[in-house]
Amino acid sequence: REAAEGSAAQARGREAALERLMAFARTEMDALGKDMAASQEGVTSHLQQLEALADRAGDAAAGAERRGLATGQEVVRAAEDWRREVEGSCEEVGRVAEEAAAEWEGGITAAADQLKALFSGEEAAPQAASAESAAVFEDDGEEGPAPSAEEWDPQRAKENVSLAAKAAE
């Protein structure tokens, strides 16, 4: 009987130990499950945050691209406007230079004709002063028409007539 009682006690002890082991295993497995669920929720949360950040980064990149394109178009428009202004200014400078050259040519031609007449001993017919010759010569600091052949004094030519270009220098 003692042996039977010992065997039964051992069986109960094994059963109690097995139940405790199973309870411990269940508790550990439940804790592990909770930890895994919490980790899964954390990972899911992080993935959602990453997705939101990726969306914002994509939006920011698209916005930057639009702003860069708009700025580039503004620069192109400004450069084109500047080119047109410079081109217009150059054309104006060219036009003014051509007009000035024509005025100088007229004044120089009139002066050359007067000098030829003076040195050849002929009297040149007084010429009406053109706008070109009036602008080319200065008489004692006052603008006026080129002097006629009668008024021309070769002895004092330097003192009473100077080219406007020399005076401008």
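Residues numbered from 1 in each chain as written. Predicted model: local features only at pLDDT ≥ 70, side-chain atom pairs only at ≥ 80, totals over all residues. Heavy atoms only, no water.

Undergrad: Please provide a residue-by-residue account of the overall build of the protein chain, values included.
TA: Assigned secondary structure in the protein chain consists of 4 helices and 3 strands. Sequence separation of at least 24 residues holds for 60% of the intrachain contacts in the protein chain that already meet a minimum separation of 6. Surface summary for the protein chain: the accessible area is close to 13400 Å², and the carbon and sulfur share equals 57%. (Helix = DSSP H or I, 4+ residues; strand = E, 2+ residues; numbered from the N terminus. Contact = heavy atoms within 4.5 Å. Areas by Shrake-Rupley, 256 points an atom, 1.4 Å probe, with all protein chains shown as cover.)

Undergrad: Break down the pattern of salt bridges for me, with residues and values.
TA: On inspection of all chains with the given rule, the structure shows 6 salt bridges. Arg 84 serves as the salt-bridge partner of Glu 80, at 3.7 Å between the closest nitrogen and oxygen. Remark: Arg 84 and Glu 80 occur in helix H1 (residues 2–120); sequence separation between them is 4 residues, near one turn of the helix. By relative accessible area, Arg 84 is classed as partly exposed at 46%. Where Glu 92 meets Arg 95, a salt bridge forms, and the shortest distance between an N and an O atom there is 2.4 Å. Of this pair, Glu 92 and Arg 95 both sit in helix H1, 3 residues apart, which is roughly one turn of that helix. (Salt bridge = Lys/Arg side-chain N within 4 Å of Asp/Glu carboxyl O. Buried < 20%, exposed > 50% of the residue type's maximum accessible area, 1.4 Å probe, protein only.)

Undergrad: Before we move on, could you go through H1 and cite the residues and values that matter?
TA: Taking 1.5 Å as the rise per residue, H1 with 119 residues should run 177 Å; its terminal C-alpha atoms sit 170 Å apart, in good agreement. Those residues of H1 that sit buried are Gly 63, Gly 107, Ala 110, Ala 111, Gln 114 and Ala 117. (Expected span 1.5 Å × (residues − 1).)

Undergrad: Hey, could you go over the confidence of the model for the protein chain for me, with residue numbers and the actual values?
TA: Summing up the model confidence of the protein chain, the mean pLDDT is 77 and the portion of residues at 70 or higher is 70%. Ranking the elements of the protein chain by mean pLDDT puts helix H4 (residues 164–168) last with 43 and H1 first with 89. Ignoring residues within four places in sequence, the model shows residues 128–142, a span with pLDDT below 50, making 35 contacts including any to other chains. When the criterion is pLDDT under 50, residues 158–169 qualifies, and its contacts beyond four places in sequence or with other chains add up to 20 contacts. (pLDDT = per-residue confidence, 0-100.)

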